Amino acid sequence: MKKILRIIATLLVAGAIIFWMAAGANRGWTKTRVPIKTVDAVTGLEGVQWQDKFVPGVDFLGAALLGAGLLAGISLFVPSKSKKTRIETNQ
Amino acid sequence: MKTKLAILALIGVTGVVLAAPQTFDFKDPKGINNAGFKLDAPLEAINGNASGVSGTVTFDPANPGATKGKIIVATSSLMLPNPMQRTHMLSDKWLDATKNPEISFESKEFKNVQTAGDTTTADVTGTFTLKGVSKDLTVPVKLTYLKDKLGDRLPNQKGDLLVIRASFSIKRGDFNINPGQYEDKVADTIELTLSIAGASPK
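Residues numbered from 1 in each chain as written. Chains lettered and ligands numbered in written order. Predicted model: local features only at pLDDT ≥ 70, side-chain atom pairs only at ≥ 80, totals over all residues.

**Looking at the overall build of chain A**
Thinking step 1. When helices and strands are counted, chain A shows three helices and two strands.
Thinking step 2. Listed N to C, the secondary structure of chain A is α-β-β-α-α in terms of helices and strands.
Thinking step 3. A burial count over chain A gives 13% of its 91 residues as buried.
Thinking step 4. For chain A, restricting intrachain contacts to residue pairs at least 6 apart in sequence, the fraction spanning at least 24 positions comes to 70%. (Helix = DSSP H or I, 4+ residues; strand = E, 2+ residues; numbered from the N terminus. Buried ≥ 20, exposed ≤ 12 C-beta atoms within 10 Å, placed from the backbone. Contact = placed C-beta atoms within 7 Å.)

Written as structure tokens, this is what we have:
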């Protein structure tokens, strides 16, 4: 159990960093919509249309690190299997 | 003699009609018209825009200095990429969009008017209203008059277009938007850009 929690924590951190970097390593807050610029051919004006898109930010990274930290912390309080077996054998 | 007088009168009337100021409506059916805003604080940059532009401008191609009008931006149309930031911005703690549904600029006077071809540049003095606070500002603007171009933009319509571009800055503290507070995250200076086109159908 201890090992599983630590593996999940490591995977969570690694997955969050890979996802964050793959999405453009946005150093701002998480975005759920992005501006798409369009140019009007007649007037030459640049308009903005908003498109729904999830772009993880530093808050996403922080939440993932916090989650991983919690899992790693919980793992410290989970007794290891080998120790338990040894106690049972002594009895 | 009567025919000559009639022709002269017709020419005169035509001249008056041609020189008459035109009213341009800035509610854009194509949704291109927008007002952008940018705040660059030491810890955070905020970039957004608003598409809810409306208003009318009276423009006379023969006398651009006499241009008058009012441009309105719906506060609720202000957009940011982060939904929580947008909720905060429109809340009663910042813009209070419910009580202040409009941001507007009403022109009073055009100065330093320079026209070259279809393009006029000028410094416009007018009243800028944000969060219920009105202040007089002088803003550099560029007007481009596009005669008979409405049909190119909106098929089945005939008329002229007037393109207005303006960039200027305001201080949020001047408009009672949390003056002197949170300036490390929300800059006091707001850079505004206006890119809009109005139509005058014939």
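On we go.
**A closer look at the nonpolar core**
Thinking step 1. Core analysis: the largest hydrophobic core is formed by 41 residues, its most contacted members being Ala35, Leu162, Ile164, Ile196 and Ala197 of chain B.
Thinking step 2. Among the elements that make up this core, the one with the highest residue count is strand β11 (residues 189-201) of chain B (six residues).
Thinking step 3. In this view, Ile196 of chain B contacts Phe26, Asn33, Val53, Ile71 and Ile164 of chain B; residues no more than four positions away in its chain are not counted.
Thinking step 4. One finds Ala9, Leu12, Leu61 and Ala64 of chain A within the second-largest nonpolar core, a separate group that totals six residues. (Core = buried A, V, L, I, M, F, W, Y, C linked by C-beta atoms within 7 Å.)

**Let's talk about the environment of Ala187 of chain B**
Residue and element names in this part refer to chain B.
Thinking step 1. Position of Ala187 among the secondary structure elements: in the loop between β10 (159-171) and β11.
Thinking step 2. The exposure class of Ala187 is buried, given the 20 C-beta atoms found within 10 Å.
Thinking step 3. It is 9.8 Å that separates the C-alpha atoms of Ala187 and Gly173, two residues lying 14 residues apart in sequence.
Thinking step 4. Sequence-distant contacts of Ala187, defined by excluding residues within four places in its chain, comprise Leu39, Asp40 and Ala41.

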